[in-house]
Amino acid sequence: MTDKKPERREFLFTASYVAGAVGVAAAVWPLVDQMNPDASVKALASTEVDISSVKPGNTITVLWRGKPVFIRRRTQEEISEAKSVKMEDLKHPEKDEDRAKDPEWLVMLGVCTHLGCVPLNDKGDYKGWFCPCHGSHYDTSGRIRKGPAPLNMEIPKYEFVDASTIKIG
Amino acid sequence: MIISLKHIIKLIVILTLVNFINHIVNAAEKVELLKTDWTFKGLFGKFDRGSLQRGYQVYSQVCSSCHSMKYLSYRNLTEKGGPEFTEEQAKAIAASYEVKDGPNADGEMFVRPGKLSDKFVQPYDNVKAAQAANGGAYPPDMSVLIKARSGGANYIYSLLQGYEDPPAEVTLDEGVYYNKYMYGNKIKMASPLSEGIVTYSDGTEATVEQMSKDITTFLMWTAEPHLESRHKMGFKAIIYLIILTILVYFSMKKIWSRIESEV
Amino acid sequence: MSDHEYTPKSKVGKWFNDRLPILTLANHLTDYPTPKNLNYWWTFGGILTFCLITQIITGLTLAMHYIAHADMAFESVEKIMRDVNYGWLIRYIHANGASMFFLAVYIHIFRSLFYGSYKSPREIIWIIGIIIYLLMMASAFMGYVLPWGQMSFWGATVITNLFSAIPLVGEGIVTWLWGGYSVDNPTLTRFFTLHYLIPFLILGLVVLHIWALHVPGNNNPVGIDIKKPSKDTVPFHPYIVIKDAFALLMFMIVFAFFVFYAPNILGHADNYIEANPMVTPAHIVPEWYLLPFYAILRSIPDKLLGVLAMLFAIIILALLPWLDTSKIRSAVFRPLYKQFYWILLADVLILGYVGAMPAEGLYLLIARIATFYYFLHFLVILPVLGFKEKTLPIPLSITDPVLGGSPNLAIAKNRDSFDN
């Protein structure tokens, strides 16, 4: 027994190893998947927001799925400024029309795309938002213009239920 | 002599084990319970979809006026392995209930129609209110009721059909009923089911037996919502283990043959 | 233990091994000379390691979702069962895993009793094992409290009240254990903390258990000392590894059957009713693996003495290496001991059975007789048997019976399992 000749790769042994490895992998998956959002989190309802009291130039912040959502009623200046930007000046080119269904209302996740802080309103070089964590500047359409963030702030799924109500999600 | 003693002791060991397991399985089952052909039993047991939907109808039209079901949400009604109502049906069911929500921007609570993500609306605000409305007895929450009673599905099925007139020597107080399957035979719930108390939307005749079977099936699902995937996965897992066991067995024989040939 | 010094072949391996001799350890474990005649009752050590690791891994994942608060514990368990991805699977593995763990540990203990594995020079292995067993009971009990069902609550009440039997300070100790005047939220949170801690203590003790085992090496069905390494031994890898793997897979099939097809059969229905401090369930029973001791507790009509008897029933096991005076290890060569061994096994099973029954009438009488016999076995029969018993001649080696001229090897070989 002491002489260890290299063993012939028996089919039987290979099959056992492979089958065993498959089983271990299958057993590991539930342990990994249990950390994913559970059924109740996935089913979390949409939020309806009353926007009748928001004045032009003001932003309200509501919580949706544990994250802040900015709802800004933009002034004419802001809208025209957002629309006049050339696509080639943008790090992440998106048209303002694609970001705001109704140009007067900008609805977006108030989360900086760099590392997840909440940017400040009416701050920064582009009169939109400024993230105090690492200095990302967003314009009046929530698009990234300067700083380390790679993408524009995300637009969630939303719809206008009626003139004064927005449903997010 | 020695051998026979050994055999006797072994017999005791085996009998005790069998008796013991038997005891665990049938704990407290003194009265022979009614049985029926449950589709969810066995290696491949599945729920009867129609029965689950009818069972929900019985729950919502009869039981839910007193019994809560606080661990279920309306979304569960659409889930695979359950009654599998369509999303529209479940949304309509949810919307037919009024759910307390809030506070709103003014700090006030308000009532709105239910949504899929809402928990089943409870008949009473709290346990005390439930007791006050039911002569001091709390109608138990039904979410896991089947698992909370020894005898399980057969017990609930029997209880619902076990109402009868008390024997002469038993006197019952006001609001107490006689049920031959209830522990102690006295129950504070009046017989909840009577012929035709619900009108099944699928046209099934609503006999007491049929309704007992449907509501019990429904309660089995609410207690074990993943029963079907458990059975499916279990079958695969055991087949896999058997195959691997056989492979390893022959590998073992092969490896050990090196030794045995030496001896 | 191989006497030769191990040196890794590769330079990197050697460099590393000189600083942390983990390769030497691995080499020791794979080459570890194991008696070649070990039967399947010896595979339960490996199975128990599997059980411990399974419990730790499933326990860690459950702890990510469980909420240790009296108002939320029951609900959080239901959430695990309903909403968490594969939560039902993980919880059922954990809950039934406890039972499987005890099943395996009882087989492991009774194997040791049959083959005298607790005797010199293996006393320390045995005592560490008993401590592990005690910690397992503590951990299982506290784990059963966590779902905060009726059995959790009333089990916790009854077991913690055992301490009130201690004269003078008993009541104070119970209040201290509870963190209040009854089992309540403080009790639950501390039980959760300890339930989380104990498995890691067990893990540490398992390392010591195996370390202590590797000093004298394994006992074997013949129960004689063998030369290591020799013709009587095989290297642990691959011979014992593959055999353990095969046995483990058989065990897992039984385990899987419980998890997937009878996940609640070993539990108690009342534990699906949320804890209610105002109503005690009609029939309180502990989990099956604690029943024999529960029967001993109830069979003695005095609070303090009952608790002491129950404790002593476990402690007596730790004294076993000195209570058993026979020099012969294996029951194969002890015809009388073998009879008493089976009677003891029957006695423990009977205790378990009456422990699940109401403590009255015939059951109580049987419990008392069985309790009496349990202590009689360890305190009288075993010590006396060592002097009185006429043992069979033992072979000198498990492979070379010729040297000693003993004809009994054949007997040893054929009778080394429980099956005949």
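What you are looking at is a predicted structure, and each value in this text was computed from that prediction instead of being measured.

K.L.:
I keep staring at the overall build of chain C and nothing clicks. Help me out?
P.N.:
Broken down by element type, chain C carries 17 helices and 2 strands. Its C-alpha atoms give chain C a radius of gyration of 24 Å, within 12% of the compact-globule value 22 Å for 420 residues. Here the C-alpha coordinates of chain C stretch approximately 70 × 60 × 45 Å along the principal axes. When the 420 residues of chain C are sorted by exposure, 56% land in the buried category. The long-range fraction of contacts in chain C, counting pairs at least 24 apart against all pairs at least 6 apart in sequence, stands at 79%. Here chain C contributes 27 positively and 25 negatively charged side chains, and the mean placements of these two sets differ by 11 Å.

K.L.:
Whenever I open this one, the environment of Ile79 of chain A confuses me. Can you help?
P.N.:
All names here are of chain A. Within the element layout of this structure, Ile79 appears in helix α3 (residues 76-84). Along the primary structure Ile79 and Ala100 are separated by 21 residues, whereas in three dimensions their C-alpha atoms are 9.9 Å apart. Among residues more than four places away in sequence, those in contact with Ile79 are Arg74, Pro103 and Glu104.

K.L.:
What am I meant to see in the packing of helix α2 (residues 49-61) of chain B against helix α6 (residues 208-223) of chain B here?
P.N.:
Angle between the axes and distance between the axes are the two parameters that describe a pair of packed helices. All names here are of chain B. In contact at an axis separation of 7 Å, α2 and α6 are set at 100 degrees when each is read in the N-to-C sense. Taken together, the axes of α2 and α6 are roughly perpendicular relative to one another. Touching Ser51, Leu52, Arg54, Gly55, Tyr56, Val58 and Tyr59 of α2 are Gln210, Met211, Lys213, Asp214, Ile215, Thr217, Phe218 and Trp221, all from α6. Of the residues belonging to the contact of α2 with α6, the class tally is 8 nonpolar, 4 polar and 3 charged.

K.L.:
I would appreciate a short explanation of the sheet that holds strand β9 (residues 158-162) of chain A in the present structure.
P.N.:
Where strands meet in a sheet, backbone hydrogen bonds hold them as pairs that are either parallel or antiparallel. Residues and elements named next belong to chain A. Overall, antiparallel pairing links the 3 strands, which are arranged β1-β10-β9 in an open sheet. Because the sheet does not close on itself, it has two edges, and the strands there are β1 (47-50) and β9. Sheet twist, expressed as the mean angle between neighbouring strand axes with direction ignored, is 30 degrees.

K.L.:
How should the state of the cysteines be read in this particular structure?
P.N.:
Every disulfide links exactly two cysteines, by a covalent bond between their sulfur atoms. Residues and elements named next belong to chain A. Per the counting criterion, the structure on display carries 1 disulfide over all chains. Disulfide partner of Cys117: Cys133, at an S-S distance of 2.1 Å. With the S-S dihedral at roughly -100 degrees, the linkage between Cys117 and Cys133 falls on the left-handed side. In this pair, Cys117 sits in the loop between β4 (105-109) and β5 (120-121) while Cys133 sits in the loop between β6 (129-131) and β7 (136-138), placing the two residues 16 residues apart along the sequence. Using a relative accessible area of 37% as the deciding quantity, one classes Cys133 as partly exposed. Counting only cysteine sulfurs, Cys112 is the nearest neighbor of Cys131, a cysteine outside any disulfide, at a range of 3.8 Å.

K.L.:
When you look at the interface of chain A and chain C in this model, what are you seeing that I'm missing?
P.N.:
Think of interface size as the accessible area that goes away when the parts come together; that is how it is often given. Between chain A and chain C, the contact holds 14 residues from the first and 16 residues from the second. With a shortest N-O distance of 3.2 Å, Asp38 of chain A and Lys79 of chain C are connected by a salt bridge. Mapped by element, the contributors of at least two residues to the side of chain A that touches chain C are α1 (11-33) and α2 (39-42) of chain A. Of the residues in the side of chain A that touches chain C, the class split is 7 nonpolar, 3 polar and 4 charged.

K.L.:
Just to check I follow, could you spell out a negative patch on the surface for this structure?
P.N.:
All names here are of chain A. On the surface, Glu48, Asp50, Glu159 and Asp162 cluster together into a patch of negative charge. Elements with a contribution of two residues or more to the negative patch: β1 and β9. Checked against the element boundaries, Asp162 lands in strand β9. You can call Asp162 partly exposed: its relative accessible area is 39%.

K.L.:
Mind showing me how you'd approach helix α15 (residues 361-388) of chain C here?
P.N.:
For α15 of chain C, which comprises 28 residues, the first-to-last C-alpha distance of 37 Å matches the rise-based estimate of 40 Å (1.5 Å per residue) to within 8%. Of all the bends found along α15 of chain C, the most pronounced is centred on His377 of chain C and spans about 45 degrees.

K.L.:
Is there a simple way to think about the pattern of salt bridges in this case?
P.N.:
Proximity of charged atoms lets side chains of opposite charge pair with each other. Enumeration according to the criterion identifies 34 salt bridges over all chains in this entry. When the shortest N-O distance is used, the salt bridge between Glu84 of chain B and Arg49 of chain B registers 3.8 Å. One end of the pair, Glu84 of chain B, is in the loop between α2 and α3 (87-95); the other, Arg49 of chain B, is in helix α2, and 35 residues separate them in sequence. Of the residues examined, Glu84 of chain B reaches a relative accessible area of 32% and is grouped as partly exposed. Given a relative accessible area of 24%, Arg49 of chain B falls into the partly exposed group. Each of Arg74, Lys83, Asp96 and Glu97 of chain A takes part in one network of salt bridges that share partners.

K.L.:
Hey, could you run me through the environment of Lys228 of chain C in this one?
P.N.:
Residues and elements named next belong to chain C. Mapped onto the fold, Lys228 is located in the loop between α9 (185-214) and β2 (233-235). Assessed through its relative accessible area of 31%, Lys228 is described here as partly exposed. For the pair formed by Lys228 and Thr34, sequence separation is 194 residues and the distance between their alpha carbons is 8.0 Å. Setting aside anything within four residues of it in sequence, one finds Lys228 in contact with Pro33, Pro216, Gly217 and Thr233. At 2.5 Å, the side chain of Lys228 and the backbone oxygen of Pro216 are in polar contact.

K.L.:
Would you mind going over unusual backbone geometry with me for this structure?
P.N.:
Among all residues save glycine, negative phi is the norm, and among peptide bonds the norm is trans. Cis rather than trans, the peptide bond between Gly102 of chain B and Pro103 of chain B has omega equal to 0 degrees. Within the secondary structure, Pro103 of chain B sits in the loop between β1 (98-101) and β2 (110-113). Residue Pro238 of chain C is reached from His237 of chain C by a cis peptide bond, and omega for that bond is 5 degrees. Along the polypeptide, Pro238 of chain C turns up in helix α10 (residues 236-261). In this structure, Tyr86 of chain C takes a positive phi of about 60 degrees despite not being glycine. Among the structural elements, Tyr86 of chain C can be located in the loop between α4 (73-82) and α5 (87-115). The phi dihedral of Trp148 of chain C falls on the positive side, at around 60 degrees, and the residue is not glycine. Residue position: Trp148 of chain C is located in the loop between α6 (123-145) and α7 (150-161).

K.L.:
In this structure, what is going on with the environment of Ile394 of chain C? I would like to understand it.
P.N.:
If you trace the backbone, Ile394 of chain C turns up in the loop between α15 and α16 (401-404). Sequence separation of Ile394 of chain C and Tyr115 of chain C is 279 residues, and the distance between their C-alpha atoms is 13 Å.

K.L.:
Help me out: how do you make sense of the interface of chain C and chain B in this one?
P.N.:
Counting residues at the interface gives 55 residues for chain C and 54 residues for chain B. Where chain C abuts chain B, roughly 4800 Å² becomes buried across the two surfaces, and 72% of that area is made up of carbon and sulfur atoms. Applying the counting rule to chain C against chain B returns 2 salt bridges. Between Arg75 of chain B and Asp83 of chain C there is a salt bridge whose closest N-O contact spans 3.2 Å. When contributions to the side of chain C that touches chain B are tallied by element, the ones reaching two or more residues are α4, α5, α10 and α14 (335-355) of chain C. Ranked by the residues each element gives to the side of chain C that touches chain B, the list is headed by α10 of chain C, at 16 residues.

K.L.:
Help me out: how do you make sense of empty space enclosed by the protein in this one?
P.N.:
To find leftover empty space, one rolls a probe the size of a water molecule over the atoms. Residue and element names in this part refer to chain C. For the coordinates displayed, the defined rule picks out 6 cavities of 30 Å³ or more. Considered as a void within the structure, the largest cavity measures approximately 160 Å³ in volume. Lining the largest cavity are 18 residues, with Phe141, Gly155, Ile159, Pro286 and Glu287 positioned closest to its centre. Mapped onto the lining of the largest cavity, the elements with two or more residues apiece are α6 and α7. Per element, the largest residue contribution to the lining of the largest cavity is 7 residues, and it comes from α7. Its residues assigned to classes, the lining of the largest cavity shows 15 nonpolar, 2 polar and 1 charged.

K.L.:
What exactly am I supposed to notice about a nonpolar patch on the surface here?
P.N.:
Residue and element names in this part refer to chain C. A surface patch of nonpolar side chains, amounting to about 740 Å² of accessible area, comprises Leu305, Leu308, Leu311, Phe312, Ile315, Leu319, Leu379, Val380 and Val384. Every element with two or more residues in the nonpolar patch is listed here: α12 (303-318) and α15. Per-element accounting of the nonpolar patch gives the leading share, 5 residues, to α12. Mapped onto the elements of the fold, Leu311 is located in helix α12.

Here is what the cut-offs are and how they apply
- Residues numbered from 1 in each chain as written.
- Chains lettered and ligands numbered in written order.
- Predicted model: local features only at pLDDT ≥ 70, side-chain atom pairs only at ≥ 80, totals over all residues.
- Heavy atoms only, no water.
- Helix = DSSP H or I, 4+ residues; strand = E, 2+ residues; numbered from the N terminus.
- Rg over C-alpha atoms; globule rule 2.2 N^0.38 Å.
- Buried < 20%, exposed > 50% of the residue type's maximum accessible area, 1.4 Å probe, protein only.
- Contact = heavy atoms within 4.5 Å.
- Lys, Arg positive; Asp, Glu negative; His and termini not counted.
- Charge placed at Lys NZ, Arg CZ, Asp CG, Glu CD.
- Axes fitted to C-alpha atoms, helices over the stretch in contact; angles between N-to-C directions.
- Parallel < 35°, antiparallel > 145°, perpendicular 65-115°, else oblique.
- Nonpolar A, V, L, I, M, F, W, Y, C, P; charged D, E, K, R; others polar.
- Pairing = 2+ DSSP bridges.
- Disulfide = S-S within 2.5 Å.
- Salt bridge = Lys/Arg side-chain N within 4 Å of Asp/Glu carboxyl O.
- Patch = residues over 30% accessible without salt bridge, like charges linked within 9 Å, V, L, I, M, F, W, Y side chains within 5 Å.
- Areas by Shrake-Rupley, 256 points an atom, 1.4 Å probe, with all protein chains shown as cover.
- Expected span 1.5 Å × (residues − 1).
- Bend = angle between axes of the 7 residues up to and from the residue.
- Polar contact = N/O pair within 3.5 Å; in protein donor to acceptor, adjacent residues only side chain to side chain.
- Buried area = accessible area lost by both parts, 1.4 Å probe.
- 1 Å grid on protein atoms, 1.4 Å probe; cavity = no way out; pocket = protein on both sides within 12 Å on 5 of 7 lines; lining within 4 Å.
- Points joined across faces, edges and corners; volume = space filled by probe spheres on them.

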